[in-house]
Amino acid sequence: MKTPLKRKTVTLTQFAMFLAIEALVCFTPLGSLPAVGPIVATLGMVPVIITAILLGTGAGACMGAFAGLFSFLVWTFTPPNPLVAFVFTPFYALGTTRGNVWSLVICFVPRILVGVVAGACFKLFTHLNWKSGVVYGLSGALGSLTNTLGVLGGIYVFFGHNYATVLGKGFDLLLGLIGLTILTSGIPEAIIGGVAAYAVCRPIQKNMKHDSD
């Protein structure tokens, strides 16, 4: 039986480990996936999802905030696609087009919500006694889609016309471009999020439960 102090130490250690992985996938090419469209597909939400499922919604939201911070730093200083960097940081401009406070909202809020949604879904689905594969997989997939839909929805609402202009597209074609991005980046990310949640979280939780007995 673990004492409260030992349990807290283990939790902090696990969080630090997942944070290190988050930094690795955010700051190195290891976290990038092949994608069609201007938005880079990444593995950045996987540590957030795993943290939320293993350590709870609060820890997941905190990890999401770190993911937002890391993304903000990347898009500010070494943007993967300079044409669209302004939608993620107010400190990057392309001609007369520049980011603003809504850039920070797009960069941080969807990633924080990934932890909230993944953690809350896991608790709900577990309470409903769904099969473990569905619980883990669906929680991970929904968490990942939260980021995809939050980011793309924010771009459409706050920067739609400017975003379409820098890409050389008409605003009437923007929804089609967003749909393509969801199909080519969002869906693969959701599948990876679901698979990772099941493959990583299920054995770890079994081991954590065994150690607590």
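Reading the values: rules and limits
- Residues numbered from 1 in each chain as written.
- Predicted model: local features only at pLDDT ≥ 70, side-chain atom pairs only at ≥ 80, totals over all residues.
- Heavy atoms only, no water.
- Helix = DSSP H or I, 4+ residues; strand = E, 2+ residues; numbered from the N terminus.
- Buried < 20%, exposed > 50% of the residue type's maximum accessible area, 1.4 Å probe, protein only.
- Contact = heavy atoms within 4.5 Å.
- Axes fitted to C-alpha atoms, helices over the stretch in contact; angles between N-to-C directions.
- Parallel < 35°, antiparallel > 145°, perpendicular 65-115°, else oblique.
- Left-handed = near helix turned anticlockwise from the far one by under 90°.
- Nonpolar A, V, L, I, M, F, W, Y, C, P; charged D, E, K, R; others polar.
- 1 Å grid on protein atoms, 1.4 Å probe; cavity = no way out; pocket = protein on both sides within 12 Å on 5 of 7 lines; lining within 4 Å.
- Points joined across faces, edges and corners; volume = space filled by probe spheres on them.
- UniProt positions renumbered as here; feature names shortened; annotations may be inferred.

Asks: Describe the side chain of Thr 148, with residues and values.
Replies: Topologically, Thr 148 is positioned in helix 5 (residues 132-166). Judged by its relative accessible area of 6%, Thr 148 is buried. Other than its neighbours up to four places away in sequence, Thr 148 contacts Ile 182, Gly 186 and Glu 189.

Asks: Pulling in residues and values, what's your account of the packing of helix 1 (residues 4-27) against helix 2 (residues 46-55)?
Replies: Any two packed helices are characterised by how steeply their axes cross, that is the angle between the axes, and by the distance between the axes. Two elements in contact, helix 1 and helix 2, have axes whose closest approach is 9 Å; the angle formed by their N-to-C orientations is 165°. Of the possible angle classes, the one that applies to helix 1 and helix 2 is roughly antiparallel. For the pair helix 1 and helix 2, the crossing hand works out as right-handed. Of helix 2, the residues touching helix 1 (which contributes Thr 11, Gln 14, Phe 15, Phe 18, Ile 21, Glu 22 and Val 25) are Pro 47, Val 48, Ile 50, Thr 51, Leu 54 and Leu 55. The residue makeup of the contact of helix 1 with helix 2, split by class, is 9 nonpolar, 3 polar and 1 charged.

Asks: Now, about empty space enclosed by the protein: what can you tell me, with residues and values included?
Replies: Within the structure shown, the criterion is met by 1 cavity of 30 Å³ or more. When its volume is computed, the largest cavity comes out at roughly 50 Å³. Lining the largest cavity, in full, are Thr 42, Leu 43, Met 45, Val 46, Ile 49, Ser 144, Glu 189, Ile 192 and Gly 193. Counting residues per element, the ones that place at least two in the lining of the largest cavity are helix 2 and helix 6 (174-212). Examining the composition of the lining of the largest cavity, we find that 3 residues originate from one element, helix 6, more than from any other. Split into classes, the residues belonging to the lining of the largest cavity amount to 5 nonpolar, 3 polar and 1 charged.

Asks: Give a detailed account of the UniProt feature "transmembrane region" (unreviewed entry) in the protein chain, specifying residues and quantitative values.
Replies: Within this structure's numbering, the places UniProt gives as "transmembrane region" (unreviewed entry) are residues 12-30, 36-55, 67-89, 101-122, 134-159 and 174-200. For residues 12-30, helix accounts for 84% and strand for 0%, while the C-alpha atoms at its two ends are 25 Å apart. Measuring from the first to the last C-alpha atom of residues 67-89 gives 14 Å, for a span that is 48% helix and 0% strand.

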